[in-house]
Amino acid sequence: MRKRSVSSGLFCDKNGFTTVGAAIALLLTLALVFSSAQVYRINAASAKAQSVADAAALAAMNEVAEFTIVVRLCDAVVLTLSLTGLAAMGLGVVALCTPVTFELSGTLIDAGKKVLDARDTFSADAKRALEKLQRALPLLAAANAQSVAAGNNKDGSSYVSLAVLVPWEGDEVSVGSQGAFDEVEGNVDARADDVRAAAEAAEAAAQRANEAKLLAYEHDCGLSPSRCMYERAATLAGMAGAVNPYYGSVDSWSFSVALNRAKAYYAARLSQEAPGGASVADQARSALRKRLYEYANDQMSGAYVHETEGSFSANFPLLPKNTAEMRGTSLYEQAVYPITSSDAGLIMHAWPGCPNAAGASSVGSIAQMEAGNFGECSECGFTASSMGKVAAASSSIDNGFEYHYRIVAEAAQEYQQAREELDPLSNQVKQSASGLFSDITDAMRQAGQQRIAMRPPGSQGVIVLAADVGSVPVGFQSSFVASPESMGARAAVSAATLVEEPASEAGNVIASVLDGLADTEGALVGGAGIVLDCWSALLKAYADGQQALTGAVSEAADSLPLASASGLGTWAARALTEAVEGAGLQPADLDAVKPLLVNSHHVASNGEGTFCATLLSVKQRAATDSGGLFSMLVGGVEQAAVEAVSTNGGKIEVATISILGPNGPQVPIEIALPPPVADATTRLIHRVADGIRDVYVQVVGVKVWE
């Protein structure tokens, strides 16, 4: 085989390489190393611009987040003030129903009016302040973004940023109409005197009714083991168990208990009646007692007690306690007594078994005896007063059942008369109060719909343009890579929006109001203290909606001394609580909000105007009219920011809550300013605005931002 020859050249010889080839390879390698290092350096510097843009976007949205929290806080204040004022007026109506709380009712109603006035004042102040802040919000957000961007200035970097809120302008703030509850106040004022007068008269009638019922209860069974119907029935008739029940309290007792006991007693006595001895006199008295028990049983057959919550009627037959009363009963007219004749004339006997009644030719009545000329029987001694004496024996002193029964029967009549006065008055109070409670419930339902609603600048998010226009050394200077001594401007686009952050009990949007109330709780007493406690309870449980409202009203009502004879106070408290349950208040949004980085496309797609349209079009070059747009946007809010900002401790006071007027607790609602604004005068606002206007000029020529 023929051996192939190897040629020798400039880059390669028989050994595989030449000095020239090796030198060129080394030079290429070094060029690639330095080029890669330069690319890394440039990319690292550019990446920092993106990080700064991201931080500036979050900083800008922090201002929108704080503004959103303040809006929600103002909404909480407006709603809870509305509900507290209406609840206070409802509690005032409740207090009208009880004499003990008559004076307190005026305090509560006046406090309710003051709270509603405070609501209107706060709403007006909050509307003005929020609208002013809303106009300033774009520049406040831009100032905070610029502050964060400038904080990264080192090693020659000089960052400028422009934060554009989407949308740039917010909608008008809506806080509901002032004086929305004037009709409720007018209705309460118009009916208050009538409710109070009717409640006062009802209370007097209720006291009489309760006194009569207590007296009847005591003589039925409440005096046991002393003498009473319960004790006498057990002793005289041997009654026990269900026919002779005992009640330990007048609250569980009713007049029907006494009536049923009397019915059972006279039935038992009639069946058990027997002479106390063998003498004619004993037998005569027994016969007359039996006649009395028969009469009592007949009367009891028509007796009744009909009682409801709103009415009472009863028929307790009154048995005669002497001869005079006996003449007014059927006992006087009953022709059941044997009549005999003798030499002395006509004689009437107590019962057919009288020894002298044998051979009686007719029967007569006690009325006939008193009208005619009758003699007295020598055996039974029956006269016109004999029956009266039998009735008087158990009716005149407390050892007789009839003595206590008569007291109960008379008390039932007094109770019925008192109830006949009480029930119409009570119904009048309930009807008027229920109407007012219904008005208050409707107003609460209306309050639940009259919330602070707004769509502020930045509600959809923010887009930040950040650029480093400083003279940053390129680094890695060498003969291998041609480059300027410093890098050109580097720019980046970032975007952020707001997301909900679940609130904790101590970290929700009303925590600051509760902190402001902490020093005043317990300092107010009486009606003012009740109203303040009610508002505090509503604020604490604001997120619970209807449950919070019902609980706060119920708790406030429980603090009133509503015990009374008529029971109208406790009824009114229950009726008010039931009424407000129909308000249907929905739970409020207490969550705080926090900024979150998102793709700028998501924010720009929800915006309007040239800026968002330009960004979305992803043009291959910077839009030359953007600078004019930015300058116009900045100029439009610069003056509003100067007017809105008051650098008092780095905060702007939105409004002050004066829940009970100028002499009551004062709770300010404030919003913090971004550091570059809070730490200087309005001159800084102008300087920041001028810096933002210069952004476009400093970044002209940079390729499209991505």
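Quick notes on the rules
- Residues numbered from 1 in each chain as written.
- Predicted model: local features only at pLDDT ≥ 70, side-chain atom pairs only at ≥ 80, totals over all residues.
- Heavy atoms only, no water.
- Helix = DSSP H or I, 4+ residues; strand = E, 2+ residues; numbered from the N terminus.
- Buried < 20%, exposed > 50% of the residue type's maximum accessible area, 1.4 Å probe, protein only.
- Contact = heavy atoms within 4.5 Å.
- Areas by Shrake-Rupley, 256 points an atom, 1.4 Å probe, with all protein chains shown as cover.
- Pairing = 2+ DSSP bridges.
- Core = buried A, V, L, I, M, F, W, Y, C linked by side-chain atoms within 4.5 Å.
- Salt bridge = Lys/Arg side-chain N within 4 Å of Asp/Glu carboxyl O.
- Axes fitted to C-alpha atoms, helices over the stretch in contact; angles between N-to-C directions.
- Parallel < 35°, antiparallel > 145°, perpendicular 65-115°, else oblique.
- Left-handed = near helix turned anticlockwise from the far one by under 90°.
- pLDDT = per-residue confidence, 0-100.
- Expected span 1.5 Å × (residues − 1).

A.B. asks: Can you walk me through the overall build of the protein in this structure?
C.D. replies: Looking only at helices and strands, one finds 20 helices and 12 strands in the protein. Burial status across the protein gives 48% buried among its 706 residues. Expressed as a percentage of contacts within the protein between residues at least 6 apart in sequence, the contacts between residues at least 24 apart total 78%. Roughly 32000 Å² of accessible area belongs to the protein as shown, and the carbon and sulfur atoms make up 51% of that amount.

A.B. asks: Would you mind going over the sheet that holds strand β5 (residues 345–348) with me for this structure?
C.D. replies: Hydrogen bonds along the backbone pair up the strands of a sheet, which may run parallel or antiparallel. Pairing is mixed across the open sheet formed by 4 strands, whose spatial order is β6-β4-β5-β7. Pairing within the sheet leaves two strands with one partner each, and these edge strands are β6 (362–364) and β7 (374–375).

A.B. asks: For this particular structure, what's the right way to read unusual backbone geometry?
C.D. replies: Only a minority of non-glycine residues have a phi that is not negative, and only a minority of peptide bonds are not trans. Backbone torsion omega between V166 and P167 reads -5 degrees, so that peptide bond is classified as cis. With an omega of 15 degrees, the peptide bond running from S224 to P225 counts as cis. Inspection of the secondary structure assignment puts P225 in the loop between α3 (182–222) and α4 (229–237).

A.B. asks: What's the story with the nonpolar core in this structure? I'm lost.
C.D. replies: As a rule of thumb, nonpolar side chains are buried together in soluble globular proteins. Ranked by size, the top nonpolar core spans 61 residues in total, and within it F255, Y266, F316, C380 and F382 carry the most contacts. Those residues in contact with F316 that sit more than four places away from it in its chain are F255, A258, L259, V305, Y405, V408, A409 and A412. Counting 53 residues, the second-largest nonpolar core is a separate cluster that includes L86, A87, V93 and W571.

A.B. asks: How do you make sense of the pattern of salt bridges when you look at a structure like this?
C.D. replies: Two side chains that carry opposite charge are able to pair once their charged atoms sit near each other. Taken as a whole and assessed by the stated rule, the structure comprises 20 salt bridges. The partner of K113 in a salt bridge is D189, with the nearest N and O atoms 2.8 Å apart. Here K113, found in helix α2 (residues 102–150), pairs with D189, found in helix α3; they are 76 residues apart in sequence, far enough to count as distant. On the accessibility criterion, D189 (42% relative accessible area) is partly exposed. Each of R208, E414 and E421 takes part in a single network of salt bridges with overlapping partners.

A.B. asks: Explain the side chain of K430 here, please?
C.D. replies: Along the polypeptide, K430 turns up in helix α10 (residues 401–449). Judged by relative accessible area, which is 18%, K430 ranks as buried. Ignoring any residue separated from it by four or fewer positions in sequence, one finds K430 in contact with E309, L568 and W571.

A.B. asks: For this particular structure, what's the right way to read the packing of α4 against α10?
C.D. replies: For any two helices packed against each other, one specifies the inter-axial angle together with the distance between the axes. Where α4 meets α10, the axes come as close as 9 Å, and the angle between the chain directions of the two elements is 150 degrees. For the element pair α4 / α10, the angle class is roughly antiparallel. Helix-helix and strand crossings are classified by hand; for α4 and α10 the assignment is left-handed. Taking contact as the criterion, the partners of M229, R232, A233 and L236 in α4 are, on α10, F401, H404, Y405 and V408.

A.B. asks: Would you explain the confidence of the model for the protein in this entry?
C.D. replies: Fine structural detail should not be taken from predicted coordinates in areas where pLDDT scores are low. Here the protein averages 77 in pLDDT, and 68% of its residues register 70 or above. In the predicted structure, residues 1–7 sits below a pLDDT of 50 and forms 2 contacts with residues beyond four places in sequence or in another chain. Counting interchain partners and residues more than four positions distant, the pLDDT-below-50 stretch residues 695–706 has 23 contacts.

A.B. asks: How do you make sense of helix α5 (residues 255–272) when you look at a structure like this?
C.D. replies: An α-helical turn contains 3.6 residues, so any two residues separated by three or four positions project in the same direction. Under the 1.5 Å per step criterion, the end-to-end length of α5 is 26 Å for 18 residues, consistent within 8% with the ideal 26 Å. Next to the buried residues of α5 lie α3, α4, α6 (280–300), β2 (304–308), β3 (311–315) and α10.

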